[in-house]
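Understanding the architecture of this molecule
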2 protein chains.
Amino acid sequence: MSDGVEWALHSCLNLAWIGSGQAVTAARLAAYHELPPAYLNKQLQALARAGIVTSVSGPKGGFRLARALDRITLMDVVAAIEGPDEAFRCTEIRQQGPGAAAPESYAAECAIAGAMSRAELAWRRELMAQTLDDVRARAELQAPDAPERLRHWLAHL
Amino acid sequence: MSDGVEWALHSCLNLAWIGSGQAVTAARLAAYHELPPAYLNKQLQALARAGIVTSVSGPKGGFRLARALDRITLMDVVAAIEGPDEAFRCTEIRQQGPGAAAPESYAAECAIAGAMSRAELAWRRELMAQTLDDVRARAELQAPDAPERLRHWLAHL
DNA sequence: GCATGATTACTCGGATACAATATGTCCGAGTAGTCTCGG
DNA sequence: CCGAGACTACTCGGACATATTGTATCCGAGTAATCATGC
């Protein structure tokens, strides 16, 4: 899985802690964790296309959350960065070569693809069950001063 | 996810249908589904390293299953091909740059990494719950003549 | 005829190229603030 | 002093390089069957 997923998740939490009052530039978000600014910008664009954040150009521009954290699931972010298609893709090799049978035999889904899909469904279900607000709550339990530190750094830049 | 996983799963089922009496070469297994022979060989090597199949060199050599299908889980095969490490890897960017706090603050696992691990655990649990024998049973329900076709092709090569 | 040893054909195994995707960078389009200038 | 218009600085957005990983191939090490040979 791409590193961009991790960056996007942290950035969403940071945007929430900063507050939706002001837009934050990709450069600021990147600097806070020493990430490549232009590349993080690219990932944020993907979040914008998915409707998770909104972007505004020009001075005082940047990104802000499009909706509250409890309305954003982990699945939303992963799908925005990684793309919508499943990790395991069945290429129907059972229909290739001497192993192939009559076409009407393949109406049912390949048993192997079905088994893999079942596992991937469990993964997606778990990702959908957790919102970014759940993650935020746990993060603030571990580091209660994280939001304040972020706002302080941003103000005294 | 690598295509090798699909190839390996199909090849394991094929090996079971052929029977463990004889070893089958990578070239035969590949030809049955029109796969690149040398590359499938590479994947089978990975299965051999993981102890899922055993390999024998020389004439009349090839691969055979190391144990019964009901003792091989989907997780075993996926781990053998894809490697043991998780898809989402936390690079601890929370500890980098101005966002970093005192090192003792990071005793607990990153909340984001924890959430992603929970989902991946659900995926792995589902993969471990399904054995290749379960998949074989479903496959034979769909195509009862698959084993016979395979053996026939192999005999009349 | 049978045992023995060299030969040979065949297979896995890993080292080696090639391609696709992920990672990282750069410059242009567009926008909001700012400055200048005239009334 | 105040308003309008041009200008400038700043940001996103996507097009363009680079690195890493997955894909595919090839040749050598090792092995078991085969065949020749001598007893």
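The sections below set out a description of the structure shown in this document. (Residues numbered from 1 in each chain as written. Chains lettered and ligands numbered in written order. Predicted model: local features only at pLDDT ≥ 70, side-chain atom pairs only at ≥ 80, totals over all residues. Heavy atoms only, no water.)

All names here are of chain B. Residues of helix H7 (residues 146-155) that are buried: Ala146, Pro147, Leu150, Trp153 and Leu154. Projected down its long axis, H7 shows its buried positions confined to an angular sector of 135°, all on one face. Packed against the buried residues of H7 are helix H1 (3-18), helix H2 (26-32) and helix H6 (132-142). (Buried < 20%, exposed > 50% of the residue type's maximum accessible area, 1.4 Å probe, protein only. Helix = DSSP H or I, 4+ residues; strand = E, 2+ residues; numbered from the N terminus. Arc of directions from axis to C-beta. Contact = heavy atoms within 4.5 Å.)

Moving on: the pattern of salt bridges. Opposite charge on two side chains permits them to pair, given that their charged atoms come into close proximity. Residue and element names in this part refer to chain A. Considering all chains together, one arrives at 16 salt bridges over all chains under this definition. With a closest N to O distance of 2.9 Å, Arg136 and Asp133 form a salt bridge. Here the residue Arg136 and the residue Asp133 both occupy positions in helix H6 (residues 132-142), the gap between them amounting to three residues, near one helical turn. When salt bridges that share partners are traced, they join Asp133, Arg136 and Glu140 into one network. (Salt bridge = Lys/Arg side-chain N within 4 Å of Asp/Glu carboxyl O.)

Further remarks concern the protein's contact with DNA strand C. For DNA strand C, the set of nearby residues contains 22 residues, the closest of which are Ser2 of chain A together with Gln45, Arg49, Ser55 and Phe63 of chain B. The contact in question runs from a phosphate oxygen of DNA strand C to an N or O atom on the backbone of Asp3 of chain A, over 3.3 Å. For DNA strand C, a sugar or linking oxygen lies 3.1 Å from a polar atom in the backbone of Gly58 of chain B. Those elements that provide at least two residues to the surface near DNA strand C are helix H1 (3-18) and helix H3 (37-49) of chain A together with helix H3 (37-49), strand S1 (53-56) and strand S2 (62-65) of chain B. For the surface near DNA strand C, the element with the most residues is H3 of chain B, which contributes four residues. (Near = heavy atom within 4 Å. Polar contact = N/O pair within 3.5 Å; in protein donor to acceptor, adjacent residues only side chain to side chain.)

Contacts between chain A and chain B engage 51 residues on the former and 51 residues on the latter. When the two sides are added together, the surface that chain A and chain B hide from each other amounts to roughly 4,500 Å², 63% of it contributed by carbon and sulfur. Put simply, chain A and chain B have two salt bridges between them. A salt bridge links Arg89 of chain A to Asp3 of chain B, with the shortest nitrogen-to-oxygen separation between them at 3.3 Å. Where chain A meets chain B, there are 18 residue pairs in polar contact (both at pLDDT 80 or more). Going through the elements one at a time, H1, helix H2 (26-33), helix H4 (74-82), helix H5 (111-129), H6 and helix H7 (146-155) of chain A are the ones with two or more residues in the side of chain A that touches chain B. Considering every element that reaches the side of chain A that touches chain B, the biggest residue donor is H5 of chain A, with 11 residues. Among the residues making up the side of chain A that touches chain B, the classes are represented as 31 nonpolar, eight polar and 12 charged. (Buried area = accessible area lost by both parts, 1.4 Å probe. Nonpolar A, V, L, I, M, F, W, Y, C, P; charged D, E, K, R; others polar.)

What follows concerns the packing of H5 of chain A against helix H5 (residues 111-129) of chain B. Where H5 of chain A meets H5 of chain B, the closest approach of the two axes is 8 Å, and the angle between their N-to-C directions is 155°. Taken together, the axes of H5 of chain A and H5 of chain B are roughly antiparallel relative to one another. Both H5 of chain A and H5 of chain B take part in a crossing whose hand is right-handed. Of the residues in H5 of chain B, those in contact with Met116, Arg118, Ala119, Glu120, Ala122, Trp123, Glu126 and Leu127 of chain A of H5 of chain A are Met116, Arg118, Ala119, Glu120, Ala122, Trp123, Glu126 and Leu127 of chain B. Across the contact of H5 of chain A with H5 of chain B, the residue classes break down as 10 nonpolar, no polar and six charged. (Axes fitted to C-alpha atoms, helices over the stretch in contact; angles between N-to-C directions. Parallel < 35°, antiparallel > 145°, perpendicular 65-115°, else oblique. Left-handed = near helix turned anticlockwise from the far one by under 90°.)

Next up on the list: the relation of the copies chain A and chain B. Aligned on chain B, chain A shows an RMSD of 0.1 Å; the corresponding rotation is 180° and the shift along the axis is 0.0 Å. On the angle and the small slide along the axis, the relation comes out as a two-fold axis. No C-alpha of chain A approaches the rotation axis more nearly than that of Trp123 of chain A, which lies at 2.5 Å. When the interface residues of chain A are mapped onto chain B, 100% of them again lie at the interface, so the same face is used by both copies. (Least-squares fit on C-alpha atoms with pLDDT ≥ 70 in both.)

In this fold, Glu120 of chain B is placed in helix H5. On the accessibility criterion, Glu120 of chain B (4% relative accessible area) is buried. Residue contacts for Glu120 of chain B: discarding those within four places in its chain leaves Trp123 of chain A together with Glu86, Ala87 and Phe88 of chain B.

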